[in-house]
Amino acid sequence: MKVRTSIKEKDKNDQIVRRKGRLYLINKTNPRRKMRQKASPKGKTQKRRRPTAHRKRRKKK
């Protein structure tokens, strides 16, 4: 599988699929054309946390 910075459909049988935050190019008629787009450095698959100001605060006893 080729890893590229950007992938584009060039053949009529190419399909672009998003799985787990990554882009894959699949071609069932010519499997040698399989590609995956390079993941972003921050890792977009991770969940984003809210800032601390929005969290509920506990009252001190």
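Below is a short write-up of the structure. (Residues numbered from 1 in each chain as written. Predicted model: local features only at pLDDT ≥ 70, side-chain atom pairs only at ≥ 80, totals over all residues. Heavy atoms only, no water.)

## Side note on the overall build of the protein chain
Thinking step 1. The helix and strand tally for the protein chain stands at zero helices and four strands.
Thinking step 2. In sequence order, the secondary structure elements of the protein chain are arranged as β-β-β-β.
Thinking step 3. Classification of the 61 residues of the protein chain by burial places 13% in the buried group.
Thinking step 4. Sequence-distant contacts in the protein chain: of pairs separated by 6 or more residues, those separated by 24 or more amount to 33%.
Thinking step 5. With the model as given, the accessible surface of the protein chain reaches about 6600 Å², and the carbon-plus-sulfur share is 46%. (Helix = DSSP H or I, 4+ residues; strand = E, 2+ residues; numbered from the N terminus. Buried < 20%, exposed > 50% of the residue type's maximum accessible area, 1.4 Å probe, protein only. Contact = heavy atoms within 4.5 Å. Areas by Shrake-Rupley, 256 points an atom, 1.4 Å probe, with all protein chains shown as cover.)

## Regarding the pattern of salt bridges
Thinking step 1. One pass over the structure, following the stated rule, counts one salt bridge.
Thinking step 2. Residues Arg 33 and Asp 14 are paired through a salt bridge, measuring 2.7 Å at the closest nitrogen-oxygen approach. Here Arg 33 is found in the loop between strand 3 (22-27) and strand 4 (35-37), whereas its partner Asp 14 is found in strand 2 (residues 14-19), with 19 residues between them in sequence. (Salt bridge = Lys/Arg side-chain N within 4 Å of Asp/Glu carboxyl O.)

## Describing the pairing of strand 2
Thinking step 1. With six bridges connecting them, strand 2 and strand 3 associate as antiparallel partners. Residue Arg 19 lies in a different strand from strand 3, and its bridge partner there is Arg 22.
Thinking step 2. Between strand 2 and the antiparallel strand that follows it, strand 3, lie two residues; Lys 20 among them carries a positive phi value of about 55°. (Pairing = 2+ DSSP bridges.)

## Topic: a positive patch on the surface
Thinking step 1. On the surface, Lys 2, Arg 4, Lys 8, Lys 10 and Arg 32 cluster together to form a positively charged patch.
Thinking step 2. On the secondary structure map, Lys 8 appears in the loop between strand 1 (2-4) and strand 2.
Thinking step 3. Lys 8 gets classed as exposed once you look at its relative accessible area, which sits at 57%. (Patch = residues over 30% accessible without salt bridge, like charges linked within 9 Å, V, L, I, M, F, W, Y side chains within 5 Å. Lys, Arg positive; Asp, Glu negative; His and termini not counted. Charge placed at Lys NZ, Arg CZ, Asp CG, Glu CD.)

## What to know about the pairing of strand 3
Along a regular strand, successive side chains alternate from one face of the sheet to the other.
Thinking step 1. Relative to strand 4, strand 3 runs antiparallel, the two being bridged by two bridges. Directly across from Tyr 24, in strand 4, lies its bridge partner Arg 36.

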